[in-house]
Structures are given as structure tokens and as C-alpha cells.
Amino acid sequence: MKIRSVEHYDLNQLTDLMYQYIVDFYKRPKPPIEKIHNLIETLLEKNSGIQFVAEQDGKLIGFATLYFSFSTTKADKITIMNDLFVVENARGTGVAHELFKRCETYTKENRYAYMSWVTSTDNYRAQKFYEKMGGSLENWLNYSI
């Protein structure tokens, strides 16, 4: 298995993975393909964020997305790991660990103050994984509108 940055030739496979993540895993409406492709293309520029993929035998089996932002309280730049997804048959094999570590390494190597992330309150598997990776639950509540 290999962890690497997304490349243009990953567009179709990554689109399929993102639909599995959005529609199958999170049960959200399927975004138009143009929006998915626009997001991937934006991340390929590596100005607003970056995506990493896990590849095995030429097939993408997972991805992680880091978005670049800022922390006022740190007065510094930060990364936000917005997505970490591994296909079902590859879960528990270390793929998520390697994707997470790649995001963490990128954050440190590029001198971001820290990496943060969120997961749903009912995603107990992810919560257990993040605690194992050294993450700690913060005292913030997330809102959206």
C-alpha cells in the first residue's frame, strides 16, 4: 500500500471514493459530479488544501483531506482534516493510520500550528481510532447554518 498526494489521473477513482463517503457512509445527497470534480481540482492546486490517497495494486482504497485555515487564538495557520475515509474491506488494516499519519506529517513539515478534525457523534469507531492516534476531545461545539 502506498500513501501519496492526489494526482490528476486519480479524478475518476477519487470521485467514486468520495461518493461512497458522502452517499453510502454519511447518507447525504449525491452532489453533482461537476461539484466533486471542482473540489478535487481546487485541492490539486494545493492552495486551499490537499488530498492524500491510499493506493493498493493500482486501486484507490482511501483518502484524507486537509484544508488550510487559521487560528486566531494561536495567531497562526492550521490544518483541518475534514475527511478520512477507507473502503469497508480495507478498514482495520492500517490504511486509516497511514493516512492520518501522512496528514499529521504534512502539518508538521509545513509548520502549521496544529491539525484539528471532527467526526460525527455516532461514529464510535472513528472516535476510538482518533483517541488511539493521540487525539483529545476538545470543549468546542460545532454549529452550521
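Thresholds, definitions, all that
- Residues numbered from 1 in each chain as written.
- Predicted model: local features only at pLDDT ≥ 70, side-chain atom pairs only at ≥ 80, totals over all residues.
- Heavy atoms only, no water.
- Core = buried A, V, L, I, M, F, W, Y, C linked by side-chain atoms within 4.5 Å.
- Buried < 20%, exposed > 50% of the residue type's maximum accessible area, 1.4 Å probe, protein only.
- Helix = DSSP H or I, 4+ residues; strand = E, 2+ residues; numbered from the N terminus.
- Contact = heavy atoms within 4.5 Å.
- Salt bridge = Lys/Arg side-chain N within 4 Å of Asp/Glu carboxyl O.
- Pairing = 2+ DSSP bridges.
- Axes fitted to C-alpha atoms, helices over the stretch in contact; angles between N-to-C directions.
- Right-handed = clockwise from strand over helix to strand, strands pointing away.

What to know about the nonpolar core
Move 1: Residues Leu14, Phe63, Leu66, Met81, Leu84, Leu99 and Phe100 are the most contacted members of the largest nonpolar core, which totals 38 residues.
Move 2: Secondary structure elements with two or more residues in this core: α1 (11–25), α2 (33–44), β2 (49–56), β3 (59–71), β4 (76–86), α3 (95–109) and α4 (124–132).
Move 3: For this core, the leading source of residues is α1, giving seven residues.
Move 4: If we skip the residues at most four places from it in the chain, Met81 touches Thr65, Leu66, Phe100, Cys103, Met115, Ser116, Trp117, Val118 and Tyr130.

Some details on the pattern of salt bridges
Move 1: Under the criterion given, the structure shown has four salt bridges.
Move 2: Here Asp10 and Arg4 are joined by a salt bridge, their closest N and O atoms 2.8 Å apart. For the pair formed by Asp10 and Arg4, the shared burial category is buried.
Move 3: Between Arg4 and Glu55 there is a salt bridge, with the nearest N and O atoms lying 2.9 Å from each other. Of this pair, Arg4 sits in strand β1 (residues 2–5) while Glu55 sits in strand β2, and the two are 51 residues apart along the sequence. A single burial state applies to Arg4 and to Glu55, both of which are buried.
Move 4: Taken together, the salt bridges that share partners define one network made up of Arg4, Asp10 and Glu55.

Digging into the sheet that holds β4
Move 1: Pairing is mixed across the open sheet formed by five strands, whose spatial order is β1-β2-β3-β4-β5. Two strands lie at the open edges of the sheet, namely β1 and β5 (115–117), each paired on one side alone. Direction aside, the axes of adjacent strands within the sheet are offset by 30 degrees on average.
Move 2: The pairing of β2 with β3 spans eight bridges and is antiparallel. Directly across from Ile50, in β3, lies its bridge partner Leu66.

Observations concerning unusual backbone geometry
Glycine aside, residues mostly have negative phi angles, and peptide bonds mostly take the trans form.
Move 1: Of note, Lys46 is a non-glycine position whose phi angle comes to about 60 degrees, a positive value.
Move 2: In the Ramachandran plot, Arg111 falls in the positive-phi region, its phi being about 60 degrees despite a non-glycine side chain.
Move 3: In this structure, Arg111 sits in the loop between α3 and β5.
Move 4: Overall, the relative accessible area of 68% leaves Arg111 in the exposed class.

Considerations on the pairing of β4
Move 1: As judged from the ten bridges shared by β3 and β4, these two strands associate in the antiparallel manner. If you follow Ser71 over to β4, its bridge partner there is Asp76.
Move 2: As consecutive antiparallel partners, β3 and β4 are separated by four residues, and within that stretch Ala75 has a phi angle of approximately 50 degrees, a positive value.
Move 3: Taken together, the three bridges between β4 and β5 define a ladder with parallel strand orientation. The residue of β5 that forms the bridge with Ile80 is Ser116.
Move 4: In the classification by handedness, the crossover that spans β4, the intervening α3 and the parallel β5 is right-handed.

Everything listed here is a matter of coordinates, which is why it stays silent on function.
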